[in-house]
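# A look at the structure
Here's the letter readout for the chains.
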Amino acid sequence: MNEKFIYLDHNATTPADLRVIEAMRPYFNELYGNPLSLYKFASKSREAVELAREKVAKLLNAEPNEIIFTSGGTEANNVAIKGVAHANLTAVRQVKKRGNHIITSKIEHPAVLKPCKWLESQGFKVTYISVDKYGVIDLDELRDAITDKTILISIMHANNEVGTIEPIEEISRLAKEHNVYFHTDAVQTVGKTSTNVDELGVDLLSLSGHKFYGPKGVGALYIRRGTKLVPFVHGGGHERNLRAGTHNVPGIVGLGKACEIAELEREEAKKLKRLRDKLYQGIMDKIPEVIFPGHPENRLAGTLSICVKYVEGESMLINLDFEGIAVSSGSACASGSLEPSHVLLAMGIPREVAHSSLRFSLGRDNTDEDIDKVLTVFPNIVKKLRKISPFGKHR
Amino acid sequence: MNEKFIYLDHNATTPADLRVIEAMRPYFNELYGNPLSLYKFASKSREAVELAREKVAKLLNAEPNEIIFTSGGTEANNVAIKGVAHANLTAVRQVKKRGNHIITSKIEHPAVLKPCKWLESQGFKVTYISVDKYGVIDLDELRDAITDKTILISIMHANNEVGTIEPIEEISRLAKEHNVYFHTDAVQTVGKTSTNVDELGVDLLSLSGHKFYGPKGVGALYIRRGTKLVPFVHGGGHERNLRAGTHNVPGIVGLGKACEIAELEREEAKKLKRLRDKLYQGIMDKIPEVIFPGHPENRLAGTLSICVKYVEGESMLINLDFEGIAVSSGSACASGSLEPSHVLLAMGIPREVAHSSLRFSLGRDNTDEDIDKVLTVFPNIVKKLRKISPFGKHR
Amino acid sequence: MALEYTDKVIEHFRNPRNVGVIENPDGIGKVTSPICGDIMELYIKVKDNIIVDAKFQTFGCAAAVASSSILTEIIIGKPVKEALKITNKRIVKALGGLPKEKLHCSVLAEDGVKSAIEDYLRKAKRR
Amino acid sequence: MALEYTDKVIEHFRNPRNVGVIENPDGIGKVTSPICGDIMELYIKVKDNIIVDAKFQTFGCAAAVASSSILTEIIIGKPVKEALKITNKRIVKALGGLPKEKLHCSVLAEDGVKSAIEDYLRKAKRR
Ligand SMILES: Cc1ncc(COP(=O)(O)O)c(C=O)c1O
Ligand SMILES: Cc1ncc(COP(=O)(O)O)c(C=O)c1O
Ligand code: FES
Ligand code: FES
C-alpha cells in the first residue's frame, strides 16, 4: 500500500481533528485534577468541563445544563431510553406520563434497538415502525401506534447506513400532541448538519464525538429542561446524578472543541455533497445494475450507499482494501454479521441484493482525486467479481 | 502559588504517565480506524485493543478473553453488579445460582452502593455488612448473611477513603463454599498492590485507568471464564456483546500501557509507605488529638486518613490549598456532600469527628520535601482553625 | 459538587474577624445546623440596646466561618432590634454570594445572632 | 466481529482458480448456505471416474470464494469416490484456517462438491 490511503468510511469513525488533540493535551498530565475536588487546581478541570458543555450546548442551541456527558453515542442512547422507561417504574414525581409503551423504528442503530429489546424482556412494549423504500419513517403508522400508554418515541435523525434524514419536526409535533417524550439518535448528524434542538423539537438527543472529528469514547445526551429520567450508570453524583463516574476530562474537552470546529466548518457539507454526487454519477455511468438505497434528496451529504447486484459486499470491500480504499459493507457494528442489513431489508430490498451492499461515507479529508481513483478501480473490481458470480452469467 | 504544587490526592485521580500519553498518541488521528471495520487499516486499531487487553490480563494474571473494557471503574461496577443480578431475571442458561439476594458492605464506594440501592428498588434484597473500627469487613456477619437466595457478594479490595485492605481471600472462600459469585471493586488497588485474580479468588474485578497513571474515561472488568452475566450497555456486539459502543482506542491503549508500567514499578509501594509513615509520624508528633482511621497494617501504601478533632475538614482543605497542597476531605465524589463520610461512620467514628476528616493520598511524584512542607504548614493551620472552633476552648 | 467561593468568602475565612469568646457576655447563642450538624457559638456585649462587641467560634465549613465573621462585622454597632432582623440573605449578599449547597451555612449565622439576642433579651428581662 | 483471513485465503480470493462454467458438464452442484443464504455453483467433468476438470461460480464472501477455488484444485485429478469424502475441515486446513464465523463458508464448498458428484452419479446411472 504505497499509494495514498483513501478513507471513505467516515460514518464508522473519523480521525480526531488536530485542533481537538491539541485542546485535549494539557488535561492528561498537567491539569489532571478531578473536576469534583475542592482545591483550586481541580477547578481548572471543572472549568474545562463546563466550557466544553457550553460548546456542545451552543452547537445544539441548548442550555449548558441540558447537556450531560457520556462515554459515547451508545451510552447516550441507553441513558435516554432506559432512563425514561425506568422513570415510569421508579417513584419519580412529575413524570410526563406513565405507561410502558415505546415507539421506535425498524432502521435504528443497534444502540437503540438493543436497549428496546432489553426493555421488552423487562415487560415494556415496543412498536417498531416501518419505513418506505427510501428509508423514511411511515408517519401514519407512527401516528396510529401512539396509545395512552406511550411514554417515548425514539427515531434516529439520520440513518448511518443509507444516510436518509427522518422527518424529525413532524414526529416531534406528533409527540407533543400526545404528550410523549421524543428522543433522537443524532450520532450521524451532529456536526454534519443542523441539529438545533428547538427546531427539531426533541426532548432528548444523543451524539458521539468520534463521528465528527472528536475523540472516541465520549459523547453527550441533550436532555430538555424538565424531562424526567432516572440514572442509568449509578454511582457518585456526577453529571446531575444522571451519569456517574469520574469525568473523562480530556475527552470532554475534545468533544467541546469538535463542536466548536463543526460550527466553523458548516460549509463543508457542500463539498461533501459535490464529491458524493460525483461518485454517484461515476458509478451510475460505469457500472450497470447498481441500485442506490437512501433518499435521493434528504440524505447526509457524505453518504452513498449502493447495492451492486450479483456481487457480495465483503468481496468488494476486500478488493477495494487492496487498492488502499477503506469502505464498509453495512455498518461497522454489524461487520462479520451474516444477516443482511436490517435497514436495507426494512426498505424492501431483497435479501440477495442487500447482501450486495457497500457504503461510501465521505469526510473532511477527501478530495476529487480520491473519487477519481475509486471510479478507476471500482468498475474493474465489480467486473472481476461478477465473473465469479453465478448470477453474473444471467446478464 | 509560586511555590511547588504538592499533589496529595492520588486516590481521587492521578496524572497520566508520559509513557501512557505517548502510547495513546498515534490512535487519535493516525491509526484512527474503528477496530471492528474489515479493512486492513482498522486491524491496526483492533490489534492495539487486543494488545492492551493482554496487558491488562497480565497484570491481573487473567486470560485476555476474561477482560472487557468499560468507560471507567463506575461503569465496570455497574456492569458486574447489574449484569449478575439481571442474569437471574432474564433467560440466561447456566446461571450459577438463581436468587435475588446480594451482599455488599457499608463502606463501598457509591459506584457499588448506588447500583445496589437501585436493584433494591427493582425488587432485589441487599445486605450491607458492617466493618470493625479499622474498616475491616465482619466475616462472621458476612457468613451469616449468605442464604440460598444469595447470588453475588461485592466487597471492595481496598477502601478509597481510609485505605484498609479487605480480607478478599477469606471472602472468596466463603463465596465458593456457597456457590455465590464474588465481585471486588479493585479500583484503588490495581496498579498499586498485587491483584492476582487467582490468589484473590474473585469472579469479577473492576479497575479504572485514571487511578494508576492511566487515562480518565477508561476502565475494565475482569470476568472469570464461565461467569454468567447479561449486558448492561446495550448496542452493537462489541466486547463479547457485554459492553456496546465504539472502542475508545486511545484510552484502551493508554490503560494497557498503565498496566504494563505498573508491573515495572512494583517497588514503588515501598517508597510510598515510607513517605506515608513519615507523614503519619510527623502529624502524631506535632498535632495533638488526631485520630488515624484505617487499618494500621493492612492498608494502601500511600493513603493516610486523619481526623483532626475540633476542626472541620473542608476548612483544613482550603487552608492547605492556599499553601499549594492538594488533599481531600473524604472522597472526591462526595465533595460538597453535607453528610460525614459513610465509611468513617461505619467504622464507629462519631459524627463530629468524622466531620474533621482529611485524606492524604501519595503518589509517584511525591518526595520527602513534599512531606516536610506539609509538616511545616499543617500544624499551624490546625492551630489557627482550632482557635475558631467552639470545641477548641475545651482543651 | 465542587464549590466556588467568592473572594470575599475566602478572605473572611482566612482572616476571620472577631474570633473568640467574650467573658461575661450579655448574650450567648449556641446553634447547630439542622442540615449538616455544624455548630456556631456567638457572644455579644450590649450597651444601651446597641451591640458593642461580638465574638464567635464556629465548627463548620469555610462558608460557615465566613458567614460568622461577616455577621459580627454587620452587627457590631447595630441596635439589638435591627440586628434581630438580619436574615441569611443579607449575609449571603455581604459575602458576594454563596454556592447553592452552602446557603444553609449562612442560615447558621442568622440562627446564631437570633439565638444570642434572644438570650440577651431573656436575661435583660430577668434583671 | 472483524475478520482475520490467512494469506492463503486472500491469495485464492484475489486470484481464484477455475472460475467459470463448463459447457456440457458431467455433474452440476448448486447449493445455498443455510446460514447466510450465499450460493455456489460447481461444474465437473469426469473421465474414467476421475474428475478431470472443475469450474465454479460463487456469490459469497471472500472465504466462500477461496473455499470454492481451493476445492477445485483439490478435486481435479481425484477419483470421484475420494472427492466425495472431502470435508469442510480439509478445505479449512488447505486454506491455513478460517475465522470461526466463516467456517460455514467452507461447508458451502463441501456441499457443492457433494451435490455435483451426486448429480454426476445420478446422470451416470441413467446412461
Ligand atoms: C446512528 C448511530 N447511533 C449510535 C452509534 C453508536 O455510537 P458509539 O459507537 O459512539 O457508541 C452509531 C455509531 O456507531 C451510529 O451510527
Ligand atoms: C473504590 C472506588 N471505586 C470506584 C470508583 C469509581 O471509578 P471511576 O471514577 O473511574 O468511575 C472510585 C473512584 O472514584 C473508587 O475509589
Ligand atoms: S456545611 Fe456545615 S456549616 Fe457549611
Ligand atoms: S458469509 Fe456467506 S458464504 Fe461466507
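Throughout, residues of each chain are indexed from 1 in the direction in which the sequence is written. Here chains are named by letter from A upward and ligands by number from 1 upward, in the order in which they appear as written. For this predicted model, a pLDDT threshold of at least 70 governs which residues receive local features, and a threshold of 80 or more governs which side-chain atom pairs are given and counted, while totals over whole chains, interfaces and linings are taken from all residues. Heavy atoms throughout the structure, all of them, feed into the side-chain values; hydrogens and water do not.

Put simply, helix α11 (residues 313-322) of chain A and helix α1 (residues 7-14) of chain D touch, their axes get as near as 11 Å, and they point 100° apart. If you check the angle between α11(A) and α1(D), you find them roughly perpendicular. The residues of α1(D) that touch α11(A), namely those facing S315(A), I318(A), N319(A) and F322(A), are I10(D), F13(D) and R14(D). In the scheme used here, Gly and all other residues not listed as nonpolar or charged are polar, with Ala, Val, Leu, Ile, Met, Phe, Trp, Tyr, Cys and Pro taken as nonpolar and Asp, Glu, Lys and Arg as charged. Counted by class, the contact of α11(A) with α1(D) contains 4 nonpolar, 2 polar and 1 charged residues. With axes taken as lines fitted to C-alpha atoms, and helix axes fitted only over the stretch in contact, angles between N-to-C directions fall between 0 and 180 degrees. Under the DSSP-based scheme used, a helix requires at least four consecutive residues in state H or I and a strand at least two consecutive residues in state E, with every element numbered from the N terminus. Working rule for angles: under 35 degrees goes down as roughly parallel, over 145 as roughly antiparallel, 65 to 115 as roughly perpendicular, anything else as oblique. For this analysis, residues touch if any pair of their heavy atoms sits within 4.5 Å.

All right, on to the domain arrangement of chain A then. Accessible area lost on assembly of the parts is the figure often given for the size of an interface. Residues and elements named next belong to chain A. Domain boundaries in chain A define domain 1 (6-15 + 266-387) and domain 2 (18-264). Segment limits for the domains were obtained from an automatic or database-derived domain assignment. Just the C-alpha atoms count here: the centres of domain 1 and domain 2 sit 28 Å apart. Of the residues lining the interface, 30 residues belong to domain 1; the matching set on domain 2 comes to 35 residues. Taken as a group, R266, L300 and R364 account for 26% of the area that domain 1 buries against domain 2, more than any other trio of residues on that side. Think of a salt bridge as a Lys or Arg side-chain nitrogen and an Asp or Glu carboxyl oxygen that are within 4 Å of each other. The tally of links between domain 1 and domain 2 comes to 1 salt bridge. Close ionic contact of E263 with R266 constitutes a salt bridge, the shortest N to O distance being 3.7 Å. It is helix α12 (residues 342-346) that contributes the most residues to the side of domain 1 that touches domain 2, 4 residues altogether. Summed over both partners, the accessible surface that disappears when two parts come together, traced with a 1.4 Å probe, is what is meant by buried area.

Let us now look at the pairing of strand β3 (residues 50-59) of chain D. Residues and elements named next belong to chain D. Bridge count between strand β2 (residues 39-47) and β3: 9 bridges; the pairing is antiparallel. For Y43, the partnering residue across the bridge sits in β3 and is K55. Strand pairing follows a simple DSSP-based rule, namely that at least 2 bridges must link the two strands. Counting the residues that bridge the hairpin from β2 to β3 gives 2 residues, and of these D48 lies at a positive phi of roughly 50°.

On to the site of ligand 1, then. Proximity is defined per residue: any heavy atom of the residue falling within 4 Å of a molecule or strand makes that residue near it. Neighbouring residues of ligand 1: 14 residues in total, closest T74(A), D185(A), S208(A), K211(A) and T246(B). Residues close to ligand 1 are split across chains A and B. Distance and chemistry together define a polar contact, namely a pair of N or O atoms within 3.5 Å, with one atom able to donate a hydrogen and the other to accept it when in protein, and with adjacent residues in sequence counting only for side-chain atoms on both sides. In the environment of ligand 1, a nitrogen atom lies 2.6 Å from a nitrogen or oxygen atom belonging to the side chain of D185(A). With residues, only the protein chains shown are counted as cover, and all accessible areas are computed by Shrake-Rupley using a 1.4 Å probe. Relative to its unbound accessible area of 390 Å², ligand 1 is 97% covered by the protein chains. Site definitions follow a grid-based scheme: protein atoms alone, a 1 Å grid, a 1.4 Å probe that fits but cannot get out for cavities, and for pockets an open set with protein on both sides within 12 Å along at least five of seven lines, plus lining residues having an atom within 4 Å of a point. To qualify as sitting in a cavity or pocket, a molecule needs more than half of its atoms within 2 Å of the grid points. The pocket occupied by ligand 1, as judged from atoms lying within 2 Å of grid points, is the largest cavity. Broken down by element, the residue count for the shell around ligand 1 peaks at 3 residues, all from helix α4 (residues 73-87) of chain A. Split into classes, the residues belonging to the shell around ligand 1 amount to 2 nonpolar, 10 polar and 2 charged.

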